[in-house]
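Results of the structural survey
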Amino acid sequence: MSPSPFDLTSLLGHAPATDDAYLSVVSQGPGRKIATSLGLPAPVALRRHDPDTPAVPGLVLVLGAGSGTTTTPGSDPDADALAQHLLTRGFEVHRHGDGLRRVGAVVLCLTGLTELGGLSAPALELGGLLRSLAPGGRVITISRPADGVAAGGAASLPTAADDPAAGTAAGGAPFDVVDRNAARQGVVGFLRSVAQEMRGGATANGILVADGVAATAPSVLGGLDFLLSGRSAFVDGQFLVVGSDAGPEGLATAPQGETPLDRRVVVVTGAARGIGEQIARLLHAQGARVVPVDVPAAGQPLSELANQLGTASLPLDVTAPDAGTRILEHCKTRYGRIDGIVHNAGITRDKMLANMDESRFASVLAVNTEAPLRITRQLLADPAADGLRVVGLASTSGIAGNRGQTNYAASKAGIVGMVAALAPVLAERGGTANAVAPGFIETEMTAKIPMARRQVARRLNSLQQGGLPLDVAEAIAFLLSDAAAGISGQTLRVCGQNLVGA
């Protein structure tokens with residue numbers, strides 16, 4: 001049974017609020033004026049999902065790059081199709097930027113870009129609109145991935161053998177493919193720079209659509225809905241990579257609703273507190289049948305959470321050799337299947353490497369990486385796991401590294417590698433594997449960081465504040481949904497565009 005709106009509010013009300021007093025002072029009024037005049041960070045409260053407010057704070061402008069123009073309908077079929085989808089969603093959609101005063105979002109369709117010079121006109125038109133972008137607004141690019149580059153490198157591009165008529169460079173690569181690859185990767189650098197220029201809680205993100213996948217594929221449209229919404233509040237400067245046309249054909253016209261995970265059986269490890277608890281609460285609020293898992297020592301808070309969600313918890317040490325088998329038996333006994341698992345359980349044992357001992361290093365790898373690998377392998381041994389959606393918790397520490405966290409960074413980088421390799425395995429059974437890499441998130445653990453260090457850590461991203469556990473949970477819920485069926489093997493950073501890392 002899906003929760004009522006009242007239940008949604010009461011459930012999500014358990015999410016810890018930020019204790020960022022600086023944010024409260026400078027987000028509005030005299031405090032904001034003083035901070036701005038002194039050149040200090042001036043973060044604002046982010047626009048998060050609220051079912052009672054519009055999904056976008058103003059009209060949506062769709063720009064394209066077809067036939068040498070950025071705005072003419074009919075010149076760019078992909079831009080036209082995206083505009084039609086947004087009209088279906090009930091947005092006020094415009095194709096010309098002239099005279100617009102309050103723009104809620106700009107969608108820049110660049111799927112047809114073949115030369116980097118073609119980016120100039122749409123980029124400058126976007127620049128002329130940024131002052132009209134509403135607080136909490138969105139800029140979203142839709143483009144194709146460059147071949148051989150980390151973001152979307154799995155998508156193949158034509159070679160000389162595919163197009164013998166193409167001119168060839170000295171090294172044997174077709175000139176047009178070289179030009180196109182430069183243009184496509186240029187969009188990545190452009191978008192990430194735009195994200196750093198946003199103000200007022202606005203964000204900029206992109207969707208990379210693999211060659212051979214339509215710009216109107218279910219996960220392109222689903223990703224667009226997610227990035228436009230308040231559910232992506234702390235996702236900034238990032239790319240969703242859509243690698244297939246997988247997903248329900250009716251997704252584009254189906255009502256978005258509040259329960260996209262209705263009746264899905266989803267396991268959440270490390271669910272007794274912190275980010276794991278918020279993940280479990282949000283998934284339940286979105287209709288999932290949640291199975292919360294945590295160590296037996298966390299039995300009381302785990303039991304209390306399960307009672308509030310109307311489900312049965314599973315006290316379990318994820319490092320147990322048979323943990324995956326026991327999780328599967330629990331799900332099959334109660335529901336007959338398992339649809340998804342969120343590998344959230346994790347620990348830290350920080351020390352400088354020169355002072356690190358074997359137990360600290362090994363224990364972090366055992367919980368954070370080896371347990372998810374073993375559990376997933378055991379789940380996939382049973383047909384009940386067909387269609388399984390796997391989401392792992394990585395970290396920006398695993399992407400950029402972090403002083404004093406060699407063990408933790410290795411374990412979280414391992415999760416990135418795990419989902420990348422799992423993607424083709426799960427694709428054969430209708431499933432997906434992705435990871436979420438949180439940055440600085442306001443939790444009980446980060447609240448214990450000395451105040452000065454905590455304030456600095458909060459400001460080291462484009463949004464100049466820490467995220468909430470809810471922000472991580474929203475990204476995970478999206479990756480578990482049908483809207484993300486064509487996204488697999490990817491790691492989505494939920495970090496406000498932290499200023500370090502890829």
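In what follows, the structure referred to is the one given above.
Here we summarise the structure given alongside this text. Predicted model only: the values in this text are computed from it and were never measured. (Residues numbered from 1 in each chain as written. Predicted model: local features only at pLDDT ≥ 70, side-chain atom pairs only at ≥ 80, totals over all residues. Heavy atoms only, no water.)

1. Structural notes on empty space enclosed by the protein
- Here the structure, examined in full by the defined rule, presents 1 cavity of 30 Å³ or more.
- Estimates place the volume of the largest cavity at around 40 Å³.
- As for the largest cavity, its lining consists of Thr269, Val318, His343, Asn344, Ala345, Val367, Ala371, Pro372 and Ile375.
- In terms of residues, the lining of the largest cavity owes the most to one element, helix α11 (residues 358-380), which gives 4 residues.
- In terms of residue class, the lining of the largest cavity is built from 6 nonpolar, 3 polar and no charged. (1 Å grid on protein atoms, 1.4 Å probe; cavity = no way out; pocket = protein on both sides within 12 Å on 5 of 7 lines; lining within 4 Å. Points joined across faces, edges and corners; volume = space filled by probe spheres on them. Helix = DSSP H or I, 4+ residues; strand = E, 2+ residues; numbered from the N terminus. Nonpolar A, V, L, I, M, F, W, Y, C, P; charged D, E, K, R; others polar.)

2. Quick word on the environment of Gly148
- Position of Gly148 relative to the elements: it lies in the loop between β4 (133-143) and α6 (175-197).
- Owing to a relative accessible area of 70%, Gly148 belongs among the exposed residues under this scheme. (Buried < 20%, exposed > 50% of the residue type's maximum accessible area, 1.4 Å probe, protein only.)

3. Structural notes on the pattern of salt bridges
- With the rule as written, the count across this model stands at 15 salt bridges.
- Taking the shortest distance from any N to any O, the salt bridge between Glu277 and Arg281 comes out at 3.0 Å. In this pair, Glu277 and Arg281 are both assigned in helix α8 (residues 274-285), 4 residues apart and thus about one turn of the helix distant.
- Note that Glu442 and Arg458 form a salt bridge whose closest N and O atoms lie 2.7 Å from each other. Taken together, the residues Glu442 in the loop between β12 (432-438) and α14 (444-447) and Arg458 in helix α15 (residues 451-459) connect sequence positions 16 residues apart. Each member of the pair, Glu442 together with Arg458, is buried.
- Among the charged side chains, a salt-bridge network with shared partners connects Asp20, Glu442, Arg458 and Arg459. (Salt bridge = Lys/Arg side-chain N within 4 Å of Asp/Glu carboxyl O.)

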